[in-house]
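# Structural features, examined
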Amino acid sequence: MTHTARRIGRTLALVLPVVMVLSGTLAVTRVPWAAHNFEAQVLTASARTVSKHATPHTPQDVLRDRLLVELQEKDPGVALTDLQRAVEGRPSLARHCMSIARALGRAAVEQYGPTRAHRFSRPVCDTSFASGVAQFS
């Protein structure tokens with residue numbers, strides 16, 4: 001009897017975590033905010049009310065916003081150079097470099113079109129700018 005109970009317990013100990021992880025993963029992939037279409041994202045209820053004491057933007061958000069403005073005023077090459085200098089000057093931004101470069105690629109496609117935007121590609125942040133251009137072309 002104890003042998004059978006032990007065997008059932010071991011089976012559950014192996015199977016139950018796998019089932020829980022898979023069901024959780026499937027549940028997360030089916031929510032509206034997991035869509036690949038960025039315009040189709042759904043705002044949360046907390047986004048409706050904005051308080052005056054909102055948290056300040058993170059350094060990577062400030063850098064991304066500044067570089068996007070620079071991209072529109074000058075060109076993507078200048079923005080990518082400044083991104084590389086910012087990451088070299090502040091290594092804590094390195095883990096956000098790829099997402100910022102992809103955002104720059106998307107903005108370049110919107111402003112210059114895919115062919116012209118690709119001309120500005122350079123090996124900043126593992127060529128994430130080029131992947132952003134390709135993704136949004």
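Keep in mind it's a predicted model, so treat the numbers as computed, not measured.

Calculation notes
- Residues numbered from 1 in each chain as written.
- Predicted model: local features only at pLDDT ≥ 70, side-chain atom pairs only at ≥ 80, totals over all residues.
- Heavy atoms only, no water.
- Phe/Tyr/Trp six-rings, centres within 6.5 Å; stacked < 30°, edge-to-face > 60°.
- Buried < 20%, exposed > 50% of the residue type's maximum accessible area, 1.4 Å probe, protein only.
- Helix = DSSP H or I, 4+ residues; strand = E, 2+ residues; numbered from the N terminus.
- Contact = heavy atoms within 4.5 Å.
- pLDDT = per-residue confidence, 0-100.
- Axes fitted to C-alpha atoms, helices over the stretch in contact; angles between N-to-C directions.
- Parallel < 35°, antiparallel > 145°, perpendicular 65-115°, else oblique.
- Left-handed = near helix turned anticlockwise from the far one by under 90°.
- Nonpolar A, V, L, I, M, F, W, Y, C, P; charged D, E, K, R; others polar.
- Salt bridge = Lys/Arg side-chain N within 4 Å of Asp/Glu carboxyl O.
- Core = buried A, V, L, I, M, F, W, Y, C linked by side-chain atoms within 4.5 Å.

With that out of the way, let us pick up the packing of aromatic side chains. Applying the stated criterion to the full structure yields 1 aromatic pair. Both rings, one in Tyr-112 and one in Phe-120, keep their centres 5.5 Å apart while their planes meet at 45 degrees; by these two values the pair is tilted. For Phe-120, a relative accessible area of 17% gives the class buried.

Attention now goes to the side chain of Ser-128. Tracing the backbone through its elements, the reader meets Ser-128 in helix H6 (residues 128-135). A relative accessible area of 2% means that Ser-128 is categorised as buried. Not counting residues within four places of it along the chain, the set of residues in contact with Ser-128 comprises Met-98, Ala-101 and Arg-102.

With 74% of its residues at a pLDDT of 70 or more, the protein chain has an overall mean of 77. Low pLDDT, under 50, characterises residues 38-48; the predicted model gives this stretch 5 contacts beyond four residues in sequence or across chains.

What follows is about the packing of helix H2 (residues 59-73) against helix H3 (residues 76-89). Two elements in contact, H2 and H3, have axes whose closest approach is 8 Å; the angle formed by their N-to-C orientations is 155 degrees. Taken together, H2 and H3 sit at an angle that is classed as roughly antiparallel. The two elements H2 and H3 cross, and the hand of that crossing is right-handed. Residue-level inspection shows Leu-63, Arg-66, Leu-67, Glu-70 and Leu-71 of H2 in contact with H3, the latter providing Pro-76, Val-78, Ala-79, Asp-82, Leu-83 and Ala-86. Per-class residue counts for the contact of H2 with H3 are 8 nonpolar, no polar and 3 charged.

The full count for this structure, using the stated rule, is 4 salt bridges. Arg-64 is the partner of Asp-61 in a salt bridge, and the nearest nitrogen-oxygen pair spans 3.1 Å. Residue Asp-61 and its partner Arg-64 are both found in helix H2; the two are separated by 3 residues, about one turn of the helix. The exposure class assigned to Asp-61 is partly exposed, which follows from its relative accessible area of 22%. Residue classification places Arg-64 among the partly exposed residues on the basis of a relative accessible area of 27%. Arg-85 is the partner of Asp-82 in a salt bridge, and the nearest nitrogen-oxygen pair spans 3.8 Å. Pair noted here: Asp-82 and Arg-85 are both in helix H3, with a separation of 3 residues, about one helical turn. Asp-82 gets classed as buried once you look at its relative accessible area, which sits at 18%.

Further remarks concern H6. Among all positions of H6, only Ser-128, Phe-129, Ala-130, Gly-132 and Val-133 are buried. The elements touched by buried residues of H6 are H3, helix H4 (97-112) and helix H5 (114-118).

Turning our eyes to something else, we now look at the nonpolar core. Of all hydrophobic cores here, the largest spans 23 residues; its most connected members are Leu-63, Leu-67, Leu-83, Leu-104 and Phe-129. Of all the secondary structure elements, the ones that give two or more residues to this core are H2, H3, H4 and H6. By residue number, the principal contributor to this core is H4, which donates 8 residues. Beyond its immediate chain neighbours, meaning those up to four positions away, Leu-83 contacts Leu-63, Leu-67, Cys-97, Ile-100, Ala-101, Leu-104, Val-124 and Cys-125.

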